[in-house]
Amino acid sequence: MSALRSTLGTPGTAPLVGDTPLYRIGAPFAPAGRGFWAKLEGANPGGLKDRSALHIVERARARGELAPGARIVESTSGTFGLGLALAAVAYGHPLTVVTDPGMEDIVHRLLSAYGAEVVTVTEPHPVGGWQRARLERLAELRGAWPAAYWPRQYDNPDNAGAYAGLAGELLTQIDRVDVLVCSVGTGGHSAGIARVLRRRFPEMRLIGVDSVGSAIFGQPARPRLMRGLGSSVHPGNVAHEAFDEVHWVAPHEAVWACRTLASTHYATGGWSVGAVTVVAAWCARTLRPGTRIVAIFPDGPARYFTTVFDDAYCARHDLLGRPPAPEPEEIAHPGDAEVTRWTRCAKVVTG
C-alpha cells in the first residue's frame with residue numbers, strides 16, 4: 001500500500017487501509033465466558049473491499065494492463081465501488097461504476113462526490129436479475145471504451161490475493177484461529193484469508209455465510225433483499241472446495257443481529273455483518289469451550305440507515321421482531337429444499 005500511503009496519507013499517521021481492530025463479541029449472542037472475535041473492516045474508509053480494489057488496481061498497473069490515466073469500469077452493488085473510488089483517486093484514473101436501483105442513496109452520492117460516474121440499470125435480467133443486467137450494461141460500456149480496464153471482481157484471482165494482509169494482521173492479533181466465518185459474495189476474502197491462515201492452522205474450519213435466494217452454493221437464484229453477500233451468478237473466485245459447511249441467512253435474521261449488536265456492543269454493520277453474526281454466535285454457543293472463532297465484519301452501519309436501521313423500511317418488509325431460531329434448520333444437500341430461513345448444510349457444492 002506504499003503508493004496509497006504516500007498519496008493519501010502523511011508521515012507519522014496510520015495508513016488509511018488496514019490494521020483494523022479485532023473485537024470480542026459476547027452476550028447476548030453467547031453465554032458468559034463464550035463468544036467470538038470480529039475483525040472490524042468498517043474501520044477502513046469504505047470497508048473490506050478497499051483492500052481488494054486497491055490491490056487489483058496496483059497489480060493491473062504493475063502488469064501494464066491498466067495504463068496511466070485510463071478509465072476503470074466495473075459492476076458493483078456499492079462496497080467495491082467505494083474501494084475503486086479510493087484507488088481511482090490515489091492513482092489518477094477516471095472511474096465508471098454500473099449499479100442498479102438497490103444501491104443506497106448515500107453510496108451513490110459518495111461515489112459521485114469521489115468523482116466516479118454512476119450508471120444505473122433500470123430493469124433486472126429475466127433470469128440473472130440485477131447482477132446479470134449490470135454485467136450486460138458493463139459489456140456495452142466496454143465495447144464503447146476498448147481501452148478501459150475492467151477489474152472483474154467476481155473472477156479476478158488478485159481479488160483473493162488482496163486479503164493476505166488481513167490474514168497477516170489476524171496472525172498478530174490472535175494466537176490461534178479454529179473457525180473462520182465469512183460472508184460470501186464474490187468469494188475473494190474467504191478464499192484469500194483462509195489460504196494464508198491454513199498454512200499456520202491446517203485444521204481450521206471455514207464456514208461460508210450466504211443469503212437466501214443466492215445461487216452460489218446450489219440454491220435457486222431468487223430476488224434478494226440483502227446486498228453485499230450472495231449472487232445470482234457464479235463467481236469464479238468462490239473456492240467451494242475450501243469450505244467445510246455453508247449457512248444461508250434470511251434478511252429478518254440479519255436485521256435482528258445488526259440491531260442487537262448496535263445496542264449491546266456498539267460495533268455493528270449491514271446485511272453481511274448481521275448474517276455472519278448469526279452463524280458465528282451459533283458456533284460460540286455450540287462448539288467446545290475455548291474454540292477460537294473469528295468472523296469478518298465487512299463494513300459498518302453508515303450506508304444502511306435507509307434499510308437495516310430504518311424502522312419504516314424494515315416494517316414494510318416484515319423484518320422487525322423476528323430473531324433467528326436458536327438453531328439452524330439442517331439439510332443434507334443444497335438440492336434437497338429451497339431455504340427461506342437460517343439453514344445449515346455440511347455438503348458444499350458448486351452453484
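Keep in mind that what you see is a predicted model, and the values were worked out from it rather than measured.

(A) Summary view of the pairing of strand β7 (residues 205-211). Within β7, six of the seven residues are buried, which leaves the element mostly enclosed by the surrounding structure. The pairing of strand β6 (residues 179-183) with β7 spans five bridges and is classified as parallel. Bridging from a neighbouring strand, S183 pairs with V209 of β7. Where β7 lies against strand β8 (residues 245-249), five bridges are found, and the strand directions are parallel. The partner of S211 across the bridge, within β8, is V249.

(B) Local environment of the nonpolar core. With 39 residues, the main nonpolar core has F36, V181, W271, I293 and F297 as its most contacted residues. At the level of secondary structure, the elements contributing two or more residues to this core comprise β2 (36-40), β6, β7, α9 (251-265), α10 (271-286), β9 (293-297) and α11 (311-316). With 11 residues, the top contributor of residues to this core is α10. Among residues more than four places away in sequence, those in contact with F36 are Y23, R24, I25, T277, A280, A281, A284, I293, A295 and F297. Formed by 37 residues, the second largest nonpolar core is a distinct cluster that contains V177, V196, F201 and C345.

(C) Spatial organisation of the environment of V246. Residue position: V246 is located in strand β8. Beyond its immediate stretch of four places on either side in the chain, V246 contacts G208, D210, F217, T343, R344, C345 and V348.

(D) Structural detail: the confidence of the model for the protein. Here the protein shows a mean pLDDT of 93. Residues at 70 or above account for 95%. Within the model, pLDDT remains below 50 along residues 1-14, and this stretch shows 18 contacts once partners closer than five positions in the same chain are excluded.

(E) Inspection of the sheet that holds strand β1 (residues 22-25) at higher detail. Pairing in this open sheet of eight strands is mixed, and the strands run β1-β2-β9-β6-β7-β8-β11-β10 from one edge to the other. Strands with a single pairing partner mark the edges of an open sheet, and in this sheet they are β1 and β10 (329-330). Pairing of β1 with β2, which is carried by four bridges, proceeds in the antiparallel orientation. If you follow Y23 over to β2, its bridge partner there is A38. Seen against the sheet, helix α7 (residues 164-173) touches β1, β2 and β9 and runs at an angle of roughly 135 degrees to β2.

(F) Focus on the packing of aromatic side chains. Scanning the entire structure with this criterion turns up four aromatic pairs. A ring pair is formed by W282 and W342, whose centres lie 6.4 Å apart and whose planes are at 85 degrees; its orientation type is edge-to-face. A residue pair is termed long-range when its members are at least 10 positions apart, and W282 in helix α10 and W342 in the loop between β10 and β11 (343-345) qualify at 60 residues. With respect to burial, W282 and W342 carry one shared label: buried.

(G) Focus on the sheet that holds strand β5 (residues 117-120). Spatially, three strands are ordered β3-β4-β5 in an open sheet, and the strand pairing comes out parallel. Since the sheet does not close on itself, it has two edges, and those belong to β3 (72-75) and β5, each with one partner. In this sheet, adjacent strand axes meet at a mean angle of 20 degrees when their direction is disregarded. Where β3 meets strand β4 (residues 95-99), four bridges bridge the pair, whose relative direction is parallel. In the strand pairing of β4, S75 is matched with V98.

(H) Just the packing of helix α3 (residues 79-91) against helix α4 (residues 105-113), in detail. Relative to each other, α3 and α4 sit at 15 degrees, their axes nearing to 10 Å. On the basis of their axis angle, the class for α3 and α4 is roughly parallel. Judged by the sense of rotation from one axis to the other, the crossing of α3 with α4 is left-handed. Packed against α3, whose contacting residues are G81, L82 and A85, the element α4 presents V107, L110 and L111 at the interface. Counted by class, the contact of α3 with α4 contains five nonpolar, one polar and no charged residues.

(I) Quick peek at unusual backbone geometry. Omega for the bond connecting A27 with P28 falls within 30 degrees of zero, at 10 degrees, which places this linkage in the cis form. Tracing the backbone shows P28 in the loop between β1 and β2. One non-glycine residue, R152, adopts positive backbone phi at about 55 degrees. Among the secondary structure elements, R152 is positioned in the loop between α5 (129-144) and α6 (157-161). Positive phi is not limited to glycine here, since D318 has a value of about 55 degrees. As for its position among the elements, D318 is in the loop between α11 and β10.

So, how was this worked out
Residues numbered from 1 in each chain as written. Predicted model: local features only at pLDDT ≥ 70, side-chain atom pairs only at ≥ 80, totals over all residues. Heavy atoms only, no water. Buried < 20%, exposed > 50% of the residue type's maximum accessible area, 1.4 Å probe, protein only. Helix = DSSP H or I, 4+ residues; strand = E, 2+ residues; numbered from the N terminus. Pairing = 2+ DSSP bridges. Core = buried A, V, L, I, M, F, W, Y, C linked by side-chain atoms within 4.5 Å. Contact = heavy atoms within 4.5 Å. pLDDT = per-residue confidence, 0-100. Axes fitted to C-alpha atoms, helices over the stretch in contact; angles between N-to-C directions. Phe/Tyr/Trp six-rings, centres within 6.5 Å; stacked < 30°, edge-to-face > 60°. Parallel < 35°, antiparallel > 145°, perpendicular 65-115°, else oblique. Left-handed = near helix turned anticlockwise from the far one by under 90°. Nonpolar A, V, L, I, M, F, W, Y, C, P; charged D, E, K, R; others polar.

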